[in-house]
Amino acid sequence: MRARSLSRRVIAVSVVTVTGLVATGCGGSDADSASGGGKKLNVYAWAGEIPDSVVKKFEQDTGIDVTLDTFDSNETMTAKLSSGSAGYDLVEPSQYSVQQLIGQKLIEPLDHSRIKGLDNLADKFRNPSYDPGNKYSVPWIWGTTGFAYNDKCIPSATSWATLFDDEYKGKVYMLDNMLAAYIAGLQVTGARATSTDEDEIKAATDALTKQKKMLAGYNSTNYPQLLSTGQACAAQAWSGTAMAKAVAANPNVHYVLPEEGGSIWTDGLAIPKGAKNTDAAYQFINFLLRPEIAAMATDDGGSASTNAKARDFVKDKKALENPAVYASDAAIEKADFLLDPGTAMKHFQQGWTKVKAS
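Let me sum up the structure you'll find in this document.

### What about unusual backbone geometry?
- Not every positive phi belongs to a glycine, and K105 is a case in point at roughly 55°.
- Looking at where K105 falls in the secondary structure, it is placed in the loop between α3 (95–103) and β5 (138–150).
- Here the phi dihedral of N134 falls at roughly 50°; this positive angle occurs in a residue that is not glycine.
- Within the secondary structure, N134 is located in the loop between α3 and β5.

Right under this line is the structure:
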C-alpha cells in the first residue's frame, strides 16, 4: 500500500477546473461520437499527478471539457465515492485502494476492447498483484519507498539496517507514517513488506520500538532538506519531486531502494460505478496511454511514468537517471506492491501505538 495517508505526503485539497476548446454539437451524452462533440469528463485525482498541460491537450484534441478535482488521500476519495453522489467518470486510486474499491463494488471492470495501448506499460505494471490482468485499473504514475543518505556522514549504504544503527543516533529520521515505517521494520527483520503474519508484525514492532530510541524523529515533510544540509545522515524517504530535487542539487545525497526490497506504489485510473461519461473516460485512458502524453507526467509533473515507451519521449533525460524519480529495473526487482492488509490492519495499529508510546 502506498504509504500515503496511509499517505505519502500531505497535499492540500484543491479543485481545479480546466476548460478548453469545445467542439460544436450536442453535449453530455455517451451516445456522442468518439470525437467528443461537447461532452464532459469529470476526473478525481491526486493533486499534481495529472498535469494541467495533459488536460488542456486532451481538451484541444477531443473537444471534451474536463473538470479535474483533487483529493488528499485515498480515504477521502473512497468516502466521496461511497456517498453515491460524487458524479465522477474517472478516479485515480493507489494500488491498495484499487483492492478496497473492488471489494466495495465502487468501480467497474474495464472493457479492454475499448482500451488501446496497454502493451505500452512496463512489465512491472502489467498484471500487477493488486489487480490481476489490469481488470479494474490502468496504472499511470509510480514511485518507491526507500531511504536516502548523505555520504559526508555515511560513505555508502544499501540496507535498512543503516537506519537502525546506533552509530548514527540522533541523525536518522523515519517517515511519520505507520505502514511506511513497517516496510522497514518488516524487511529489516527478514519478512516481506506485504506480510500480514501476526508474529512477523510483532517482530517488526519490536525492531521499530528499539529503533525509536536512536532516532532524531519521525518526519514526512522536510527530510530532503535535512539530508541536504547534513542535519540528517539518513532518512526513510519516498521518491518523488522533493527527494528528486535534493538528489539532483546535492551530489552528496543519494536515494536508494534497500537491498531488502523497499516497496513500490502506483496510482492509476479506474471508472466508478454509475459513471455517466464512460466514452469520454475511455478516450482519456487511451490518451494517457500514448507514450508522448505519458512522458508529460515526468516532464510536467515530475513523476515516473508506468509507460515503458514514454521514456523515449521524456525531454528531461536527467530525470530518467535520477533514482528518486525512476528507480532502476534491478532496484525494483525485489520491491513489493503494498497491498490492503485486511483484518491484519489491527496488528499494525496496535503495534504502532506501542512504538509511538515507547
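### With respect to helix α1 (residues 52–62)
- Among the residues of α1, those classed as buried are V54, V55, F58, E59 and T62. Down the axis, α1 shows its buried residues gathered within 135° of arc, on one side only.
- Positioned one or two residues after α1, G63 has a phi angle of 75°, which is positive.

### Considering the pairing of strand β8 (residues 234–238)
- Among the 5 residues of β8, 5 are classified as buried, and the element is accordingly described as predominantly covered.
- Going residue by residue along β8, you find A234, Q236 and W238 tucked away on one face and A235 and A237 tucked away on the opposite face as well.
- Where β5 and β8 come together, 5 bridges link them in antiparallel fashion. Bridge pairing in β8 places F147 opposite Q236.
- Pairing analysis gives 2 bridges linking strand β6 (residues 172–174) to β8, with the strands arranged parallel. Counterpart to V172 in the pairing with β8 is A234.

### Points about the layout of surface pockets
- For the second largest pocket, the calculated volume is near 260 Å³.
- Around the second largest pocket, the lining is made up of 14 residues, and of these A244, D316, A319, N322 and V325 lie nearest the centre.
- Among the elements of the structure, α7 (241–249) and α11 (317–321) are those that each provide at least two residues to the lining of the second largest pocket.
- A per-element tally of the lining of the second largest pocket places α7 first, with 5 residues.

### Here's the deal with the nonpolar core
- Counting residues in hydrophobic clusters, the biggest one holds 82 residues, and the most contacted among them are L41, I50, L90 and M243.
- With 7 residues, helix α8 (residues 278–288) is the single largest residue contributor to this core.
- When near neighbours in sequence (up to four residues on either side) are disregarded, I50 contacts V43, A45, V55, L68, W140, L269 and F284.
- One finds A234, V256, F348 and W352 within the second-largest nonpolar core, a separate group that totals 35 residues.

### Observations regarding the side chain of Q236
- Relative to the helices and strands, Q236 resides in strand β8.
- According to the relative accessible area criterion, Q236 is buried, its value standing at 0%.
- Within polar-contact distance, the side chain of Q236 engages the backbone oxygen of A180 at 2.7 Å.
- Discounting chain neighbours no more than four positions away, the residues touching Q236 are T145, G146, F147, W160, L163, Y173, M174, L175, A180, A181, A184 and Y223.

Cut-off values and rules
Residues numbered from 1 in each chain as written. Predicted model: local features only at pLDDT ≥ 70, side-chain atom pairs only at ≥ 80, totals over all residues. Heavy atoms only, no water. Helix = DSSP H or I, 4+ residues; strand = E, 2+ residues; numbered from the N terminus. Buried < 20%, exposed > 50% of the residue type's maximum accessible area, 1.4 Å probe, protein only. Arc of directions from axis to C-beta. Pairing = 2+ DSSP bridges. 1 Å grid on protein atoms, 1.4 Å probe; cavity = no way out; pocket = protein on both sides within 12 Å on 5 of 7 lines; lining within 4 Å. Points joined across faces, edges and corners; volume = space filled by probe spheres on them. Core = buried A, V, L, I, M, F, W, Y, C linked by side-chain atoms within 4.5 Å. Contact = heavy atoms within 4.5 Å. Polar contact = N/O pair within 3.5 Å; in protein donor to acceptor, adjacent residues only side chain to side chain.

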